[in-house]
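# Observations on the three-dimensional arrangement
What follows is the residue order along each chain.
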Amino acid sequence: MKFKVTKPQDKRAVMAYLDRLPEGKTYNVTIVRHRERRTMDQNRLLWLWVNCISDETGQDKDDLHEYFKQKFLGFDTKTLWGVQVCKPVSTASLDTLQFTQYLERIRAFAAAELGIELPDPQDQYWDQFEQQYKDKI
């Protein structure tokens, strides 16, 4: 059973459900704080950065996107008809905290490995950066 707790009566419903569980059995209960999925602003920042890296390195932006997913997010592995199938984790599945961490890994990689400084919206030269790459998203 999966519950979403947003108000006191939801919490009471969960407690009532637990109280009704039969004694003498073992249960696994997991409580996870809800986090919103990535924001549109986060996704937009990702693509601005990917376009900048693409321009600076000559690499295709979609190839870069796949590379970063594989490098920093890993793979989902499933077995279909006895064959293991691997695909990169989708950025759409990340919550806001996970996406922020993903962006920071890309930023650090670009600086350390490529010598590319990627600005964020608080930087003083953000407006020029955004103007340069916004039409490529």
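Cut-offs applied
Residues numbered from 1 in each chain as written. Predicted model: local features only at pLDDT ≥ 70, side-chain atom pairs only at ≥ 80, totals over all residues. Heavy atoms only, no water. Helix = DSSP H or I, 4+ residues; strand = E, 2+ residues; numbered from the N terminus. Buried < 20%, exposed > 50% of the residue type's maximum accessible area, 1.4 Å probe, protein only. Contact = heavy atoms within 4.5 Å. Areas by Shrake-Rupley, 256 points an atom, 1.4 Å probe, with all protein chains shown as cover. Lys, Arg positive; Asp, Glu negative; His and termini not counted. Charge placed at Lys NZ, Arg CZ, Asp CG, Glu CD. Phe/Tyr/Trp six-rings, centres within 6.5 Å; stacked < 30°, edge-to-face > 60°. Salt bridge = Lys/Arg side-chain N within 4 Å of Asp/Glu carboxyl O. Expected span 1.5 Å × (residues − 1).

So, on to the overall build of the protein chain. For the protein chain, the count of helices and strands is five helices and two strands. In sequence order, the secondary structure elements of the protein chain are arranged as α-α-α-β-β-α-α. Judged by the C-alpha coordinates and their principal axes, the protein chain covers about 65 × 45 × 25 Å. Out of the 137 residues in the protein chain, the part that is buried amounts to 28%. By sequence separation, contacts in the protein chain at least 24 residues apart represent 56% of the contacts at least 6 residues apart. About 10,300 Å² of surface is accessible on the protein chain, with carbon and sulfur atoms providing 49% of the total. In the protein chain, 21 positive and 21 negative side-chain charges are present, and the distance between their average locations comes to 11 Å.

So, about the packing of aromatic side chains. Summed over the entire model, instances satisfying the criterion amount to nine aromatic pairs. Judged by centre distance (6.1 Å) and plane angle (15°), the ring pair of F68 and F72 falls under stacked. Here F72 and F68 lie together in helix α3 (residues 61-73), a separation of four residues that amounts to about one turn. Between F129 and Y133 the ring centres are 5.0 Å apart and the planes differ by 50°, which places this aromatic pair in the tilted class. Of the two residues, F129 and Y133 both sit in helix α5 (residues 126-133), four residues apart, roughly one turn of that helix. For the pair formed by F129 and Y133, the shared burial category is buried.

Tracing the backbone shows D135 in the segment after α5. Residue class for D135 comes out exposed when judged on its relative accessible area of 68%. In this structure the C-alpha to C-alpha distance between D135 and V50, which are 85 residues apart in sequence, comes to 13 Å.

As a further point, take the pattern of salt bridges. Within the structure shown, the criterion is met by six salt bridges. In this structure, R44 and E130 form a salt bridge, with 2.6 Å as the shortest nitrogen-oxygen distance. Of the two residues, R44 sits in helix α2 (residues 40-57) while E130 sits in helix α5, which places them 86 residues apart along the sequence. Residue classification places R44 among the partly exposed positions, given a relative accessible area of 30%. Linking E104 and R107 is a salt bridge whose minimum nitrogen-to-oxygen distance equals 3.8 Å. One end of the pair is E104 and the other is R107, both in helix α4 (residues 96-114) and three residues apart, which spans about a single turn. Given a relative accessible area of 41%, E104 falls into the partly exposed group. Among the charged side chains, a salt-bridge network with shared partners connects E104, R107, D120 and D123.

Another aspect to go through is α2. Compared with the 26 Å implied by 1.5 Å per residue over 18 residues, the 26 Å span of α2 between its first and last C-alpha is a close match. Every buried residue belonging to α2 is among Q42, N43, L45, L46, W47, L48, W49, V50, N51, C52, I53 and S54, and all of these are buried. Lining the buried residues of α2 we find α3, α4 and α5. Two residues or fewer past α2, G58 is found with a positive phi of approximately 85°.

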